[in-house]
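The lines below spell out each chain.
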Amino acid sequence: MDLSTKIDKPTRLPGSLLQKQPSQTNVAKLLSKYAAPNPTIPKKTMAGKSAAVKLAVEPPAPPPLAKSNSNGPPSPARGSTRLGIETGRYDGGLETDNEKRGSIVSGQAAEDLALDSSASRVRPTREWNLNSFDMGRPLGKGKFGRVYMVRTKCEPKYTLALKCLYKSEIVEHKVEKQIRREIEIQQNLRHPNILRLYGYFHDEKRIFLMLEFAGKGELYKQLSKHGCFSERRSSRYVDQMADALNYLHSKHVIHRDIKPENLLLGINGELKIGDFGWSVHAPSNRRTTLCGTLDYLPPEMVLGKEHSEKVDYWALGVLAYEFLCGVPPFEDLSGHTATYKRIAKVDLKIPSKVSSEARDLIQKLLQFDPERRLPLPDVRRHPWVVKHRIKESSRVNST
Ligand code: AMP
């Protein structure tokens, strides 16, 4: 059965670690109140002159704030720590881009994309605009715009990642609804391994997302650099992922697009799920319009059957394998159809270098029958995960 026409995300190329695949919209990325203190580093101003050390990093969990006309920052979470990190020099990219890129949208699309967290019914934040921030260095470019490191001008000064999305490009790609859903889902999530979305605002042409700053960048890059991860590192990521996914499922959200490209690393190297482009509110037992990177699709999606949150269990098994082996388990260099077939047959071959405990966990997650996949709390209790987990008592000395 050739399902390739239904795939609206590209599959990864063989040797995929060498090349990042575009994430579907990849809208939301953020900071967490669990981020640990950063060492203070003298800050440079936009003009490059050194300035006073500023406190940053804290991802303030903005409590529901009454709509206000001030541009003040979200209130800091209790017990939060804000230490200085350098935001770097701004390159003027937002203005340059804005002159050449995008156009003003009108009609229903304009209404759909008039996104402003101060007007949110669930968790209104204060009003924000571009002038609320001192701009810092570029963090990266996404499909719909650039991402910058910024700091709020108001005290207490928070460091964030500010992501710009061009409305007309969103409309061109017909992803208005997906972006809205992604933002709605992400702004309500609070977990140390899920990137926070603090707020958002818009102007005529752009939407801006105030995201938690993921200090150690993309996990994908680390995996490319190292080829694969040690058992210990892989196990810790799997532990954090299982915890985050369990939290998501408890909120009736299915992620559906777990893969290294959608994961960021916090300042202490902790994993952060940073992309909710394909997530849905469960139950989502509708028939699949295939989404997600091909290599991470479970059999039920490949076979066009209904699916549940158990798709994320499968993806966690694929992820564990890829961390340890450097390639996803069902990758087939001869093309999509071959990969589908391998997934549908659960044609799993685990290299002998993988420990028997890790092998056991992967096999328990990569079960054809979704109901037979190891539940996430059991993943966290699995001997391979427990063995490598940092004990609270030794956390201080661990890297
Ligand atoms: P995206 O559009 O989400 O793919 O973002 C483009 C690039 O910006 C990513 O590949 C990251 O390198 C960087 N980036 C995005 N969000 C963040 C964030 N919250 N913290 C740090 N870097 C980010």
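Calculation notes
Numbering of residues starts from 1 in each chain and follows the order in which that chain's sequence is written. Reporting of local features is limited, given that this is a predicted model, to residues whose pLDDT is at least 70; pairs of side-chain atoms are given and counted only at 80 or more, and all residues count toward the totals for whole chains, interfaces and linings. Processing note: side-chain calculations cover all non-hydrogen atoms of the structure and skip hydrogens and water entirely. UniProt positions are given in the numbering used here, feature names are shortened, and annotations may be inferred rather than shown by experiment. Any two strands with at least two DSSP-identified bridges between them are counted as paired. Note on conventions: DSSP H or I runs of at least 4 residues are helices, E runs of at least 2 residues are strands, and numbering of each starts at the N terminus. We call two residues in contact when some of their heavy atoms are within 4.5 Å. For helices, the axis comes from a line fit to the C-alpha atoms of the stretch in contact; other axes are also lines fit to C-alpha atoms, and the angle between any two N-to-C directions lies between 0 and 180 degrees. Salt bridges are defined by distance alone: a side-chain nitrogen of Lys or Arg within 4 Å of a carboxyl oxygen of Asp or Glu. Any residue under 20% of the maximum accessible area for its type is buried, any over 50% is exposed, and the rest in between are partly exposed; the area is computed with a 1.4 Å probe on protein chains only.

The protein is annotated in an unreviewed UniProt entry as Aurora kinase of Rickenella mellea. Under the UniProt heading Sequence similarities (unreviewed entry), the note attached to the protein is "Belongs to the protein kinase superfamily. Ser/Thr protein kinase family. Aurora subfamily."

## Examining the sheet that holds strand β9 (residues 271-273)
One open sheet accounts for 3 strands, arranged β6-β8-β9; its pairing is antiparallel. Edge positions in the open sheet fall to β6 (217-218) and β9, since each of these has one partner strand only. Here 2 bridges tie β6 to strand β8 (residues 263-265), and the two strands are oriented antiparallel to one another. Within β8, the residue paired with Gly 217 across the bridge is Leu 265. With respect to the sheet, helix α6 (residues 231-250) is in contact with β8 and β9, its orientation differing from that of β9 by roughly 35 degrees.

## Re the pattern of salt bridges
The final tally for this structure, using the stated rule, is 20 salt bridges. In this structure, Asp 257 engages Lys 259 in a salt bridge whose closest nitrogen and oxygen atoms are separated by 3.9 Å. We note that Asp 257, like Lys 259, is buried. A salt bridge links Lys 310 to Glu 309, with the nearest nitrogen and oxygen atoms 3.5 Å apart. What makes Lys 310 buried here is its relative accessible area of 13%. Judged by relative accessible area, which is 24%, Glu 309 ranks as partly exposed. Ionic contacts of the salt-bridge type, sharing partners, join the residues Asp 97, Arg 101, Arg 146 and Glu 169 into one network.

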